[in-house]
Amino acid sequence: MAGVQVANVSRSFGAHRALDNVSIDFADGGFYALLGPSGSGKTTLLRQIAGFDFPDAGRIAIGGEGVERVPVEKRRIGMVFQNYALFPNMSVADNIAFGLSVRGEPKATIATEVQRALDLVQLGKLGARRPHQLSGGQRQRVALARAIVTKPRVLLLDEPLGALDKALRVDMQIELKRIQREIGITTIFVTHDQEEALTMSDRIGILRDGRLVQEGPPEEIYDRPQSEFAATFLGDANIFRGHVTGNGIRLPDGTTIAAASGSSLTAGAKANCAVRPERIQISTGTARPDSGNANTLKGQVSKRIFAGNNSTYFVECDWQTLKVIVQNTGAERLAEGEPVMLSWSPESTVLIAAS
Amino acid sequence: MAMTRILEWLGRFYILMLLAFLYLPIIIMALMSFNTSPFYQLPFEWTTDWYASLWQNDQLIAATWNSIEIAVITTIISTVLGSMASLALYRYEFRGKKFLQALLFPPIAIPWLITGTAMLIFFFGIGIGRGLLAILLGHVALALPYVIVVVSARLQTFAPELEEAARSLGANQWQVTQRVTLPWIMPGVIAGGLFAFAVSFDQFVVSYFLSTPGQTTLPVEIYAAIRKGFTPEINAVSTIIIVVSMALMLLTARFFKFGGEK
């Protein structure tokens, strides 16, 4: 087991800069998600760590050992591919045995280890099957067993759950997390699914256009995004645009939005405020609500989307339409066209530099 | 109802005619190899004399062995070299790769008569001259493009992640090739090998140019024999070859499902 350090890694393909000076420290035993839209460089970064491709500049270390010029077969990593990449000409057991077998382990050891790996992924009796006789979820488990049976130093997962349907995906998320905890392996997980990143990882790195946008625990990125991109890519956010005044911003119509203190932006500079839809409280009428929240806006419900456990209201305000998510408590629901007051606290408001 | 019946019978008739077109000449030839009259006279009288006298025809037997030997060696050399070339073209990007791939096709299209003439001149120029070695070299050159085309086509269906997965598990290039890539492309390699064998074993034109009277292959020997005067021994040797090669083909088709199974 080992941590992974990526330092100032850049990689270009022709004129396209796929990775631009990316540095991330992956802690030993952690579960790390690399999140970003397609073309953000997350898969390219994973392939540099795996050793399928070498960076133009920068350093990569696994367990403190520099590996940026070491080919993949010598890096002792385990990888799960998007489409599983199981060997079609081999049985499930032979697939899992492959890594041990090319290493020349004795047959008895291989048999024991393969059975242990099969049990770990709860496929104990399916060793004799061929990959094409398995369901998507089972193939996924075989791919995982094959990747970890060699006791690699890091486990790399390239959108491993992308090909599964939603219910199975949630099952596999829990399963993957359980297995990762059980063997305590450093895991780097590439995904474009923000929910997956939030629920599974200890830390998230958000990539965009080959650059690391923000990096930290999921709660930190969600509660304190440092850019509009981070705020809207990970979760949903209402964005206000204005100029810095005090700890918040002044909108073009003079309304001020107060944000939590601690901003380093200079007064008068262009800046945005981000507020999560579920942090906004909504009340009927035009009176100032007694919630004590410093930020208030009046508006009118333009649309309501009922989603069972919650409802999303689109509220038309003077400047923009805001999204508000309200938990379903059984209380009276607001009708479309109804005048409402919105309020939220400065602590729920994040001031970010204009992009 | 009646209409579909008629169409059905027409379809069957069509297939019957097609099979007759393909196999009737061969069947007649095979039958005549068991007929007593050397001039195809009927009524049919059963004999195995021609097979017996074939046994005495040293020249024809020697040519048959030459043909088999050359075809087998050609198959081995061109299948190994061709498969290796296909893998290299699949795996690596290098300067002039497209040009090199384009150069593989003309030899298939160039008339063998011209290829044969060119080879004759060339082999004389470099001192190999005519004979079995020249024929073997010529056949390998003719068969190689077929193998490369067939194996490359099979490689197009190979998922490159499989090689990556094998490497990530610690396999070196040789282990990757031997355990993952080769099993997948094997039907292509076998098909390429069959092509190579057929190109060599059927080869008349190039062999004719490159053979000498003592050192020749079966097709050239048959041609020479027919020119001297036809004997049903030719029918006999042809029948043996057809039976053996059809059995080989059927066996191969039995063990390797071409094109199908992913």
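Going by the structure above, here's the rest.
What comes next is a walk through the structure. (Residues numbered from 1 in each chain as written. Chains lettered and ligands numbered in written order. Predicted model: local features only at pLDDT ≥ 70, side-chain atom pairs only at ≥ 80, totals over all residues.)

1. Thoughts on the interface of chain B and chain A
So, step 1. In this complex, chain B contributes 17 residues to the contact, which on the side of chain A involves 18 residues.
So, step 2. Put simply, the parts of the chain that give the side of chain B that touches chain A at least two residues each are helix H8 (160-168) and helix H9 (173-201) of chain B.
So, step 3. For the side of chain B that touches chain A, the element with the highest residue contribution is H8 of chain B, accounting for 7 residues.
So, step 4. For the side of chain B that touches chain A, the per-class residue count stands at 9 nonpolar, 4 polar and 4 charged. (Contact = placed C-beta atoms within 7 Å. Helix = DSSP H or I, 4+ residues; strand = E, 2+ residues; numbered from the N terminus. Nonpolar A, V, L, I, M, F, W, Y, C, P; charged D, E, K, R; others polar.)

2. Concerning the environment of Thr-187 of chain A
So, step 1. Mapped onto the elements, Thr-187 of chain A comes out in strand S8 (residues 186-191).
So, step 2. Expressed as a C-alpha distance, the spacing of Thr-187 of chain A and Leu-156 of chain A, which sit 31 residues apart in the sequence, is 6.0 Å.

3. Focus: helix H6 (residues 112-125) of chain B
All names here are of chain B.
So, step 1. The end-to-end C-alpha distance of H6, which contains 14 residues, comes to 19 Å, matching closely the 20 Å that a straight helix rising 1.5 Å per residue would cover.
So, step 2. Regarding H6, the residues found buried are Gly-116, Met-119 and Phe-123. For H6, the angular spread of the buried residues around the axis is 65°, confining them to a single face. Along H6, exposed side chains directed more than 90 degrees from the buried face belong to Leu-113, Ile-114, Ile-121, Phe-124 and Gly-125.
So, step 3. On the buried face of H6, the contacting elements are helix H7 (132-155) and helix H10 (205-210).
So, step 4. Backbone geometry just after H6 places Gly-127 at a positive phi near 90°. (Expected span 1.5 Å × (residues − 1). Buried ≥ 20, exposed ≤ 12 C-beta atoms within 10 Å, placed from the backbone. Arc of directions from axis to C-beta.)

4. Digging into unusual backbone geometry
The phi torsion of most residues other than glycine is negative, and most of the peptide bonds are trans.
Residues and elements named next belong to chain A.
So, step 1. Positive phi is not limited to glycine here, since Tyr-84 has a value of about 70°.
So, step 2. Relative to the helices and strands, Tyr-84 is located in the loop between strand S6 (77-80) and helix H2 (92-102).
So, step 3. For Tyr-84, a count of 22 C-beta atoms within 10 Å corresponds to the buried category.
So, step 4. Although it is not a glycine, Lys-151 sits at a positive phi angle of roughly 50°.

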